[in-house]
Amino acid sequence: MSPSHRDRALGWVLRATAALVAAIVVLIVAFLVVESAGVLRKLGPLRFLTDPSWHPTSGSFDLTAMLLGSLLVTVGAVVLATPAGVASALFCRYYAPAPLAKLYGRMIEVLAGIPSVIYGMWGLMVLVPLIGKWQPPGPSLLAAVLILTLMILPTIALFSDAALAKVPDRYVRGAAALGLTRWATLRGVVLPAARSGLFTGVLLGMGRAIGETMAVLMVCGNVVQTPGSLFDPIRPLTANIALEMGYALGDHRSALFVSGLVLMGMVVVLVGTAELVSRGRLHG
Amino acid sequence: MAERAQPWGDHVAAVFIWTAAAVVTSVFVWMLADIVWNGAGQISWEFLTAPTDDAGRAGGIGPILVSTAMILGVCMAVSVPLGVGTAVLLSEFTGTNVTFGRLVRRSLDVLAGVPSIVFGLFGNAFFCHVLGLGFSILAGGLTLACMVLPILIRSTEAGLRAVPNEYRMGAAALGISRTSALWHVLLPAAAPGIVVGLVLGVGRAIAETAALLFTSGYVDRMPGSLFDSGRSLSIHIYDLSMNVAGGSANAYASALVLVALLVPINAGISWVADRWLHRRLVR
């Protein structure tokens, strides 16, 4: 009787552990909501979109410029990183000779593991001065887009590679039997078959881009404004939290949690969509 | 059969794909070379052990390395038992309650996508204020533990799933309790998965900056206990390159140390994972 007793006890311990782990997400959302409730109740959510500017210490809480900053940086990075990432995966699977493909794959994995603060530092020391020489001041939307592109490229490349690996071999052989060229096979057969996997990778890359803080913070210039061109400095939501959380008090602190809640919402929507897409593949 | 001339689309595609790969490779080499070139000169035993001086412009990174190790220690001490326990439940005990398992999985998927700065906000509100830990190594380590759990669980679960079912049946046929089977058969057999998860988790934790800004803090003195604030290596790099004029030489050196810690970790992981999968397939 004693072993089965122990088994049951173990079952309950494990269930408690898993419940605790599952509770973390709930706790995170709960804390974001509770901490932002103060300012939301006092001012209402609309003030964050309609206030004239972001001067939280004098009661002006406009987030639109920073929301726009986050969106522009993300869209820019995704637009550049998607073709480059998919091309990287195609390179590994269909173009490069085997040893080169292996080496390149390893490099992408190492690139995926490099910390954001290193990308940020390199951007700040190398890329920003280069842009500054061409179109001053240097720290800009463009710098942030380029650094983010580099950061999410491995995510997109690794997911694309996994998606390409899942395309059944007989598709490729069938295409070869029809006499299709390599690119016609890829464009007409392989890429469409891997579509949902590629899309999942892009969505997750996008989630990573919206949430990225350090690399962007170090190269974007951090001026709260609607950029007039690629060379204007901007400040995305994440950078704003990192810059101001250290000294924010009262409503200001609460407003930073509101922006955290907005970020969390955007990421949840992206992750949820990615999951729907990849599950649709499983059933279809 | 005569080979037909390739249409121009094929040429354009090939040129584009080779160019993309070449550009990515050269940027990677450029970045790494830049860090090694500018950082290697300052690295010495002295630099690795001496206390920081003059806001980091002078001196070494001794206390920074100690703080980083302590944060990692806290993070792993908390996340490994929780992560392995959850993974065991998900892969070995899901028969008991499918809905619960699905719920846990869903919440882990979301957790994996939470931006690190949001972990920072949460850690600051919960660990620093509600639990009263203040800016401390403990608060930073606990925040990171929440962050690495999804990685740890995913790879431990993969390890457990790779254990052939005969092991479980064999243990059951011998009349061993599930607890002993888990302890003596399944976990040892799943060890490579657990190790991969552990190292990936360490890699993620060492690389993290944003979640530590408002949890473990900025103080660059040698920490006396887990309740002291301690500056991690990544925050040191951020602070030196962003906020300290004339700190770039030491920023590069610290970055080189961080990369030197991480690159072998990442390269080793994929090597271990490859070999382990290969062995399983061959056997």
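What counts as what
Residues numbered from 1 in each chain as written. Chains lettered and ligands numbered in written order. Predicted model: local features only at pLDDT ≥ 70, side-chain atom pairs only at ≥ 80, totals over all residues. Heavy atoms only, no water. Helix = DSSP H or I, 4+ residues; strand = E, 2+ residues; numbered from the N terminus. Buried < 20%, exposed > 50% of the residue type's maximum accessible area, 1.4 Å probe, protein only. Contact = heavy atoms within 4.5 Å. Areas by Shrake-Rupley, 256 points an atom, 1.4 Å probe, with all protein chains shown as cover. Lys, Arg positive; Asp, Glu negative; His and termini not counted. Charge placed at Lys NZ, Arg CZ, Asp CG, Glu CD. Salt bridge = Lys/Arg side-chain N within 4 Å of Asp/Glu carboxyl O. Axes fitted to C-alpha atoms, helices over the stretch in contact; angles between N-to-C directions. Parallel < 35°, antiparallel > 145°, perpendicular 65-115°, else oblique. Nonpolar A, V, L, I, M, F, W, Y, C, P; charged D, E, K, R; others polar. Domains from an automatic or database assignment. Buried area = accessible area lost by both parts, 1.4 Å probe. Polar contact = N/O pair within 3.5 Å; in protein donor to acceptor, adjacent residues only side chain to side chain. Phe/Tyr/Trp six-rings, centres within 6.5 Å; stacked < 30°, edge-to-face > 60°. pLDDT = per-residue confidence, 0-100. Patch = residues over 30% accessible without salt bridge, like charges linked within 9 Å, V, L, I, M, F, W, Y side chains within 5 Å.

Caption draft 1: Expanded view of the overall build of chain B. Secondary structure assignment for chain B yields eleven helices and two strands. The helix and strand sequence of chain B, counted from the amino end, reads α-α-β-β-α-α-α-α-α-α-α-α-α. With respect to the three principal axes, the spread of C-alpha positions in chain B is 70 × 65 × 35 Å. Counting over 283 residues, chain B shows a buried share of 53%. Excluding contacts between residues fewer than 6 apart, the proportion of contacts in chain B whose partners are at least 24 apart in sequence is 76%. In the structure as shown, chain B presents an accessible area of about 12500 Å², 68% of it carried by carbon and sulfur atoms. In chain B, 16 positive and 15 negative side-chain charges are present, and the distance between their average locations comes to 14 Å.

Caption draft 2: Structural detail: the pattern of salt bridges. Per the counting criterion, the structure on display carries 14 salt bridges over all chains. A:Asp51 is the partner of A:Arg47 in a salt bridge, and the nearest nitrogen-oxygen pair spans 2.6 Å. The exposure class of A:Arg47 is partly exposed, given its relative accessible area of 28%. Linking B:Glu92 and B:Arg168 is a salt bridge whose minimum nitrogen-to-oxygen distance equals 2.7 Å. One end of the pair, B:Glu92, is in helix α3 (residues 62-92); the other, B:Arg168, is in helix α7 (residues 165-173), with 76 residues separating them in the sequence. Judged by its relative accessible area of 11%, B:Glu92 falls in the buried class. Sharing partners across several salt bridges, the network here consists of B:Arg105, B:Glu157 and B:Arg161.

Caption draft 3: Local environment of the packing of helix α8 (residues 178-189) of chain B against helix α9 (residues 191-207) of chain B. All names here are of chain B. Running from N to C, α8 and α9 point in directions that differ by 60°, and their axes come no closer than 4 Å. With respect to α9, the axis of α8 lies oblique. Residue-level inspection shows Leu-187, Pro-188 and Ala-189 of α8 in contact with α9, the latter providing Ala-191, Pro-192 and Ile-194. Among the residues making up the contact of α8 with α9, the classes are represented as six nonpolar, no polar and no charged.

Caption draft 4: Quick peek at the domain arrangement of chain A. Residue and element names in this part refer to chain A. The domain boundaries assigned to chain A delineate domain 1 (2-50) and domain 2 (64-283). Here the C-alpha centre of domain 2 lies 29 Å away from the C-alpha centre of domain 1. Facing the 13 residues of domain 1 at the interface are eleven residues of domain 2. Contact between domain 1 and domain 2 buries roughly 1100 Å² in total, counting both sides, with carbon and sulfur atoms accounting for 72%. The interface formed by domain 1 and domain 2 holds two salt bridges in total. In this structure, the salt-bridge partner of Lys-42 is Asp-251, at a minimum N-O distance of 2.4 Å. Counting across the interface, domain 1 meets domain 2 through three residue pairs in polar contact (both at pLDDT 80 or more). Counting only elements with at least two residues in the side of domain 1 that touches domain 2, the list comes to α1 (2-43) and α2 (47-50). Broken down by element, the residue count for the side of domain 1 that touches domain 2 peaks at eleven residues, all from α1. Among the residues making up the side of domain 1 that touches domain 2, the classes are represented as nine nonpolar, two polar and two charged.

Caption draft 5: How the structure looks around the interface of chain A and chain B. Opposite the 77 residues of chain A that make contact, chain B presents 80 residues. Summed over both partners, the interface of chain A with chain B comes to about 6700 Å²; 80% of that surface belongs to carbon and sulfur atoms. Sorting the residues of chain A by area buried against chain B places A:Val21, A:Met121 and A:Trp122 first, and these three jointly supply 9% of that buried surface. The interface formed by chain A and chain B contains one salt bridge. Put simply, A:Glu275 and B:Arg106 hold a salt bridge, and the shortest N to O gap is 2.9 Å. One can count nine residue pairs in polar contact (both at pLDDT 80 or more) joining chain A with chain B. Considering each element in turn, the side of chain A that touches chain B owes the most residues, 20 residues, to α1(A).

Caption draft 6: Examining unusual backbone geometry more closely. Cis rather than trans, the peptide bond between A:Pro136 and A:Pro137 has omega equal to 10°. Non-glycine residue B:Ala55 carries a positive phi angle of around 60°. For B:Ala55, the location among the structural elements is in the loop between β1 (52-53) and β2 (58-59). In this structure B:Ala55 comes out as partly exposed when scored by relative accessible area, which is 37%.

Caption draft 7: Representation of the packing of aromatic side chains. Enumeration according to the criterion identifies eleven aromatic pairs over all chains in this entry. Between the aromatic rings of A:Phe31 and B:Phe126, the centroid separation amounts to 5.0 Å while the plane-to-plane angle is 55°, which identifies the pairing as tilted. With A:Phe31 in helix α1 and B:Phe126 in helix α5 (residues 116-130), the pair connects residues from two separate chains. Residue classification places A:Phe31 among the buried positions, given a relative accessible area of 12%. Residue classification places B:Phe126 among the buried positions, given a relative accessible area of 17%. When the centroid spacing of 4.9 Å and the interplanar angle of 85° are considered together, the rings of A:Phe91 and B:Trp18 count as edge-to-face.

Caption draft 8: Representation of the confidence of the model for chain A within the structure. Of all residues in chain A, 98% attain a pLDDT of 70 or more, and the chain-wide mean is 91. Mean pLDDT per element in chain A: helix α12 (residues 250-283) of chain A is the minimum at 85, and helix α3 (residues 64-95) of chain A is the maximum at 95.

Caption draft 9: Spotlight on a nonpolar patch on the surface. Residues and elements named next belong to chain A. On the surface, Val-75, Val-79, Leu-80 and Leu-146 cluster together into a nonpolar patch covering about 330 Å² of accessible area. By residue number, the principal contributor to the nonpolar patch is α3, which donates three residues. Here Val-75 lies in helix α3.

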